[in-house]
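Understanding the architecture of this molecule
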Amino acid sequence: MLTQQNSSSLVTLKQLNKEYGEFTAVNHINLDIEKGEFLTFLGSSGSGKSTTLSMIAGFETPTSGEIRLNDKSLIEVPSHKRGIGMVFQHYSLFPHMNVRDNIGFPLDIRKVPKQERDKKVDDILKLVQLTDFADRRPSMLSGGQKQRVAIARALVYEPEILLMDEPLGALDKKLREDLQDELRQIHKRLGITIIYVTHDQDEAMRLSERIAIFKEGEIIGLGSGKDLYNTPPNAFVASFLGNSNFLKVKIVSETEAQFEQQTLKLKKPATPIPDQADALVMIRPENIYVLSKEQAEQEPLASDINQISATVEETVFLGESYTCSLITSSGQRIMGKIVAREHSEIAPGSEVYVRWSTQHCCVYDNWNEQDITKAS
Ligand code: ADP
Ligand code: MG
């Protein structure tokens, strides 16, 4: 994890800590946020995302640690002088003002001359596609439109950073997806730095260039959605982001583990795991191949492929795919996701072979069963 000040980073959190009495809400976080990036804090409820965001905004004071913007400390800078825009789940628009005046409000309190103010409001109305609604009051807008007003109001005075705390949480799925696409466009067009909070992994994947995964006040995974998904740094991240299978194994060498009566081939782990240690092998359901015994005879086993036998417990047709639950000889369950191309149904009760490529599995040591079940 990055701990040093990176030359292009806009915001740096150093050993940032927040305690409420005995309780640690944010536990010595280190993070570099790049200028212009879209970074999402993702984690379950209570993991410390909002508290971290509030400290960056200046609504909460850290117990200890440092927040730097352009390498200057923000700790003593009051919230309204930080050059940070903020959008929450609840839009808090002024009910007696129309859309145009709601959006213009931050410029009015900054005493921006009228002509300049009107131009900025017009430009931002266009950006969030609300020009035709400029004269309406909030009560005459839908939830999605209200949230677009709140976003416009946060952007109109051109803050260097936009912070968003579950801004789409109150909207239904379709609208949320439309606004996610809009937000991505706005980010691209303005080149602004966005720090976004959500507990929804799909939303985090769809929006962000990087994701910071929060657990109990700490960041336990940081990277692009693709990297975090394909090579999760630990078992918690693997089970939090997407679906995963975990096989309980014993390590026998740097690239081999014992599973049931067999030796599995492993990709070399990032940090070596001692021989004889208990470990977990993680494989994503879509990387599992299920073959009947006849098929397996026709398809020779390449050197980088693992194969174990299992019994089909159940298959469920989901349209574009099947999920197939498989039970190994020691009773461990593996879920496979099989693309429903041809007639690929496998009858429950049948004996099959399960294959996966060494490249498609990750191995973790000192796992904690609670971690995996809690995350999924
Ligand atoms: P998240 O946004 O990830 O859901 P929060 O940052 O809001 O989580 O909260 C993290 C933890 O800190 C939670 O357990 C929450 O109950 C606690 N917490 C937040 N604010 C306060 C407060 N003002 N007083 C006491 N505990 C708080
Ligand atoms: Mg929160």
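Quick caveat, the model's predicted, so the values are computed rather than measured.

Describing the site of ligand 1
If you check the shell around ligand 1, you find Tyr20, Phe23, Ala25, Ser44, Ser45, Gly46, Ser47, Gly48, Lys49, Ser50 and Thr51 and nothing else. Here an oxygen atom of ligand 1 and a backbone polar atom of Gly48 are 3.0 Å apart. Contacts to ligand 1 include Lys49, whose side-chain N or O atom sits 2.8 Å from an oxygen atom. Among the elements of the structure, strand S2 (23–34) and helix H1 (49–57) are those that each provide at least two residues to the shell around ligand 1.

Regarding the sheet that holds strand S13 (residues 262–265)
The strand order S13-S12-S11-S14-S20 describes an open sheet built from five strands, whose pairing is antiparallel. Unpaired on one side and paired on the other, S13 and strand S20 (361–364) mark the two borders of the sheet. Geometrically, the sheet is characterised by an average inter-axis angle of 45 degrees between neighbouring strands, direction not taken into account. Where strand S12 (residues 256–259) meets S13, four bridges bridge the pair, whose relative direction is antiparallel. Its bridge partner lying in S13, Phe259 is registered against Gln262.

Considering the domain arrangement of the chain
The domain architecture assigned to the chain consists of domain 1 (11–235) and domain 2 (244–375). In this complex, domain 1 contributes 10 residues to the contact, which on the side of domain 2 involves 11 residues. For the pairing of domain 1 and domain 2, the buried interface totals around 710 Å² over both sides, and the portion due to carbon and sulfur atoms is 53%. Per-residue buried area on domain 1 facing domain 2 is highest for Tyr229, Pro232 and Ala235; these three make up 66% of the total on that side. Inspection of the domain 1/domain 2 interface yields zero salt bridges. The interface formed by domain 1 and domain 2 holds three residue pairs in polar contact (both at pLDDT 80 or more) in total. Broken down by element, the side of domain 1 that touches domain 2 gets its largest block of residues, three residues, from helix H7 (residues 225–230). Along the lines of polarity and charge, the residues of the side of domain 1 that touches domain 2 split into five nonpolar, three polar and two charged.

Some details on the sheet that holds strand S5 (residues 72–73)
One open sheet holds the four strands; their spatial order is S2-S1-S4-S5, and the pairing between them is antiparallel. Strands with a single pairing partner mark the edges of an open sheet, and in this sheet they are S2 and S5. Pairing between strand S4 (residues 64–69) and S5: two bridges, direction antiparallel. Pairing of Leu69 across the sheet is with Lys72, part of S5. Packing against the sheet, H1 makes contact with strand S1 (9–20), S2 and S4, and its axis sits at approximately 120 degrees to S1.

Digging into helix H5 (residues 173–190)
For H5, built from 18 residues, the straight-helix expectation of 26 Å at 1.5 Å per residue is met to within 8% by its first-to-last C-alpha distance of 26 Å. Of all the residues in H5, the buried ones are Leu179, Gln180, Glu182, Leu183, Ile186 and His187. Following H5 by one or two positions, Gly191 has its phi on the positive side, about 65 degrees.

Things to note about the environment of His96
Turning to its location among the elements, His96 is positioned in the loop between strand S6 (84–87) and helix H2 (99–109). Remark: the alpha-carbon pair of His96 and Pro138, spanning 42 residues in sequence, is separated by 8.1 Å.

Focus on the packing of H2 against helix H4 (residues 143–155)
Two elements in contact, H2 and H4, have axes whose closest approach is 7 Å; the angle formed by their N-to-C orientations is 30 degrees. Comparing their axes, H4 and H2 come out roughly parallel. Considering how the two elements wind past one another, H2 and H4 form a crossing that is right-handed. Side by side, H2 and H4 meet where Val99, Asn102, Ile103 and Pro106 of the first sit next to Val149, Ala152 and Arg153 of the second.

Cut-offs used in this document
- Residues numbered from 1 in each chain as written.
- Chains lettered and ligands numbered in written order.
- Predicted model: local features only at pLDDT ≥ 70, side-chain atom pairs only at ≥ 80, totals over all residues.
- Heavy atoms only, no water.
- Near = heavy atom within 4 Å.
- Polar contact = N/O pair within 3.5 Å; in protein donor to acceptor, adjacent residues only side chain to side chain.
- Helix = DSSP H or I, 4+ residues; strand = E, 2+ residues; numbered from the N terminus.
- Pairing = 2+ DSSP bridges.
- Axes fitted to C-alpha atoms, helices over the stretch in contact; angles between N-to-C directions.
- Domains from an automatic or database assignment.
- Contact = heavy atoms within 4.5 Å.
- Buried area = accessible area lost by both parts, 1.4 Å probe.
- Salt bridge = Lys/Arg side-chain N within 4 Å of Asp/Glu carboxyl O.
- Nonpolar A, V, L, I, M, F, W, Y, C, P; charged D, E, K, R; others polar.
- Expected span 1.5 Å × (residues − 1).
- Buried < 20%, exposed > 50% of the residue type's maximum accessible area, 1.4 Å probe, protein only.
- Parallel < 35°, antiparallel > 145°, perpendicular 65-115°, else oblique.
- Left-handed = near helix turned anticlockwise from the far one by under 90°.

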